[in-house]
Amino acid sequence: MARSARSKKRKRSKQRVKAIPEEPFKEEPISPLVRKYWLQRYSLFSRYDEGIKMDEEGWFSVTPEKIAISHAQRCGGGVVIGVVIDCFTGVGGNAIQFARMGYHVVAIDIDPRKVQLASNNAKVYGVEDYIDFIVGDFFKLATSLKGDVVFLSPPWGGPAYRTIKNFTLDLLKPKDGYSIFQVAQKITPNIIMFLPRNVDLQQVEELSWLSSPPLNIEIEANYVQCNLKGTTAYFGGTAFGKLDVS
Ligand code: ADP
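Described below are features of the structure shown in this document. For clarity, every value in this text was computed on a predicted model and none was experimentally measured.

What about the pairing of strand β4 (residues 149–152)?
Residues in a regular strand project their side chains so that they alternate between the two faces of the sheet.
Line of reasoning, step 1. Residues of β4 alternate between two faces, with V149 and F151 on one and V150 and L152 on the opposite face, all of them buried.
Line of reasoning, step 2. As judged from the 3 bridges shared by strand β1 (residues 83–86) and β4, these two strands associate in the parallel manner. Bridge pairing in β4 links D86 to F151.
Line of reasoning, step 3. Here β4 runs beside strand β5 (residues 191–195); their pairing, made up of 3 bridges, is parallel. Across the sheet, the residue bridging to F151 is I192, located in β5.
Line of reasoning, step 4. For the crossover from β4 across helix α9 (residues 177–185) to β5, the handedness is right-handed.

Okay, here's the thing in structure tokens:
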């Protein structure tokens, strides 16, 4: 093959390589650890491309959108208007869906950066006016909070939770699950708790016995595309879809 023809061919093949869309990791500061979550970005936020912002911890801990929508629907499906307190809001996945369902949301996170990200993400979904963001420690704020539903998605300890066979409630952070639940109960018995898929279900049931008479409880396994992503426990009026905040 003549030299010029060969070099033309090489040029063309180079061009072809260039035409393959680049992995967006060059544009976005995404670590290899987060790659797996980035690939699922539209199942975390369907409007991801419209300006959603995350940090590394946010990628691990945000509730998949389909599950967040189902949490919000369980709160009365927009028929009843009330206040939901999202106590560990992170990057806002749940707060946004509660607001879209017609609730007013008080969204708390101890990390100011998380609140910034959640507020940005709420704007993407056009619900920023329905969410009051608070930077603060839920345990310190709890006595001053009033709401119809408390939503708890406390830290599961990062992705390592998956390696545990039976995730007991003492593994939740920053306090054990019993303590977190007891603080929430002082606000309302209508509590939704989003927990790891491998959580000790017997312990979750025991939470309802912390109240006298025991609270109604309903436990749900949460799947996204046939993958078990978490467990939700609905207490009080949120169990069996019987919430009435009128
Ligand atoms: P996971 O372990 O499931 O990945 P995270 O570590 O992301 O969960 O925790 C969820 C959110 O809870 C984080 O955004 C974190 O800043 C927030 N958080 C932790 N402790 C408190 C607290 N005491 N009050 C309010 N928010 C908190």
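Observations concerning the site of the ligand
Line of reasoning, step 1. In the region of the ligand, 18 residues are neighbours, and S61, D109, W156, G157 and G158 sit closest.
Line of reasoning, step 2. Side-chain polar atom of E57 to an oxygen atom of the ligand: 3.3 Å apart, as the coordinates give it.
Line of reasoning, step 3. In isolation the ligand has 570 Å² of accessible area, and contact with the protein removes 90% of it.
Line of reasoning, step 4. Looking at the shell around the ligand residue by residue, the classes come out as 8 nonpolar, 5 polar and 5 charged.

With respect to the packing of helix α5 (residues 65–73) against helix α6 (residues 93–100)
Line of reasoning, step 1. The N-to-C vectors of α5 and α6 enclose an angle of 45 degrees; their axes lie 8 Å apart at closest approach. As far as their axial angle goes, α6 and α5 are oblique. In this structure, α5 crosses over α6, and the sense of that crossing is right-handed. Touching E65, A68, I69, H71 and A72 of α5 are G93, N94, Q97 and F98, all from α6.
Line of reasoning, step 2. For the contact of α5 with α6, the per-class residue count stands at 4 nonpolar, 4 polar and 1 charged.

Quick look at the side chain of D55
Line of reasoning, step 1. With respect to the helices and strands, the residue D55 is situated in the loop between α3 (41–44) and α4 (56–61).
Line of reasoning, step 2. There is a polar contact of 2.8 Å between the side chain of D55 and the backbone nitrogen of G58.
Line of reasoning, step 3. Excluding residues within four positions of it along the chain, D55 makes contact with V91, R113, K114 and L117.

Here we look at the sheet that holds strand β6 (residues 217–224)
Line of reasoning, step 1. The 7 strands lie next to each other as β3-β2-β1-β4-β5-β7-β6, forming an open sheet whose pairing is mixed. The open sheet is flanked by β3 (131–135) and β6, the only strands paired with a single partner. On average, each strand axis in the sheet is inclined to that of its neighbour by 20 degrees, with strand direction left out of account.
Line of reasoning, step 2. In this sheet, β3 lies alongside strand β2 (residues 104–109) in parallel orientation, the contact comprising 5 bridges. Across the sheet, residue V105 finds its bridge partner in β3, namely I131.
Line of reasoning, step 3. Contacts between α6 and the sheet are confined to β1, β2, β3 and β4, with β2 contributing the most and set at about 170 degrees to the helix.
Line of reasoning, step 4. Sheet strands in contact with helix α7 (residues 112–124) are β2 and β3, and its direction is about 165 degrees off that of β3.

Topic: α5
Line of reasoning, step 1. Residues E65, I67, A68, H71 and A72 constitute the buried set of α5. Summarising the axial view, the buried residues of α5 lie within an arc of 160 degrees, below the 170-degree limit, and thus occupy one face.
Line of reasoning, step 2. Elements in contact with the buried residues of α5: α3, α6, β4, β5, β6 and β7 (227–235).

Remarks on the packing of aromatic side chains
Line of reasoning, step 1. Summed over all chains, the structure comprises 11 aromatic pairs.
Line of reasoning, step 2. Ring pairing ties together the aromatic residues Y42, Y48 and W59, which thus form one cluster.
Line of reasoning, step 3. Residue placement shows K36 over the ring face of Y37; its charged tip is 5.3 Å from the ring centre.
Line of reasoning, step 4. Directly above the ring of W38 sits R41, whose terminal nitrogen or CZ lies 3.6 Å from the centroid.

Structural notes on the nonpolar core
Line of reasoning, step 1. Residues F45, W59, F138, L152, M193 and F235 are the most contacted members of the largest nonpolar core, which totals 67 residues.
Line of reasoning, step 2. Among the elements that take part in this core, β5 stands out by supplying 5 residues, more than any other.
Line of reasoning, step 3. Those residues within four positions of W59 in sequence are excluded, and the remaining contacts are I30, V34, Y37, W38, R41, L44, Y48 and M54.

Some remarks on the pattern of salt bridges
Line of reasoning, step 1. All chains considered together, the criterion is met by 5 salt bridges.
Line of reasoning, step 2. A salt bridge links E220 to R74; the shortest N-O distance between them is 3.4 Å. Here E220, found in strand β6, pairs with R74, found in the loop between α5 and β1; they are 146 residues apart in sequence, far enough to count as distant.
Line of reasoning, step 3. Given a relative accessible area of 15%, R74 falls into the buried group.
Line of reasoning, step 4. Between D111 and K114 there is a salt bridge, and its shortest N-O distance comes to 3.5 Å.
Line of reasoning, step 5. Residue classification places D111 among the partly exposed positions, given a relative accessible area of 25%.
Line of reasoning, step 6. Relative accessible area serves as the criterion here: at 3%, K114 is assigned to the buried category.

Calculation criteria
Residues numbered from 1 in each chain as written. Predicted model: local features only at pLDDT ≥ 70, side-chain atom pairs only at ≥ 80, totals over all residues. Heavy atoms only, no water. Buried < 20%, exposed > 50% of the residue type's maximum accessible area, 1.4 Å probe, protein only. Helix = DSSP H or I, 4+ residues; strand = E, 2+ residues; numbered from the N terminus. Pairing = 2+ DSSP bridges. Right-handed = clockwise from strand over helix to strand, strands pointing away. Near = heavy atom within 4 Å. Polar contact = N/O pair within 3.5 Å; in protein donor to acceptor, adjacent residues only side chain to side chain. Areas by Shrake-Rupley, 256 points an atom, 1.4 Å probe, with all protein chains shown as cover. Nonpolar A, V, L, I, M, F, W, Y, C, P; charged D, E, K, R; others polar. Axes fitted to C-alpha atoms, helices over the stretch in contact; angles between N-to-C directions. Parallel < 35°, antiparallel > 145°, perpendicular 65-115°, else oblique. Left-handed = near helix turned anticlockwise from the far one by under 90°. Contact = heavy atoms within 4.5 Å. Arc of directions from axis to C-beta. Phe/Tyr/Trp six-rings, centres within 6.5 Å; stacked < 30°, edge-to-face > 60°. Lys NZ or Arg CZ within 6 Å of the ring centre and 35° of its normal. Core = buried A, V, L, I, M, F, W, Y, C linked by side-chain atoms within 4.5 Å. Salt bridge = Lys/Arg side-chain N within 4 Å of Asp/Glu carboxyl O.

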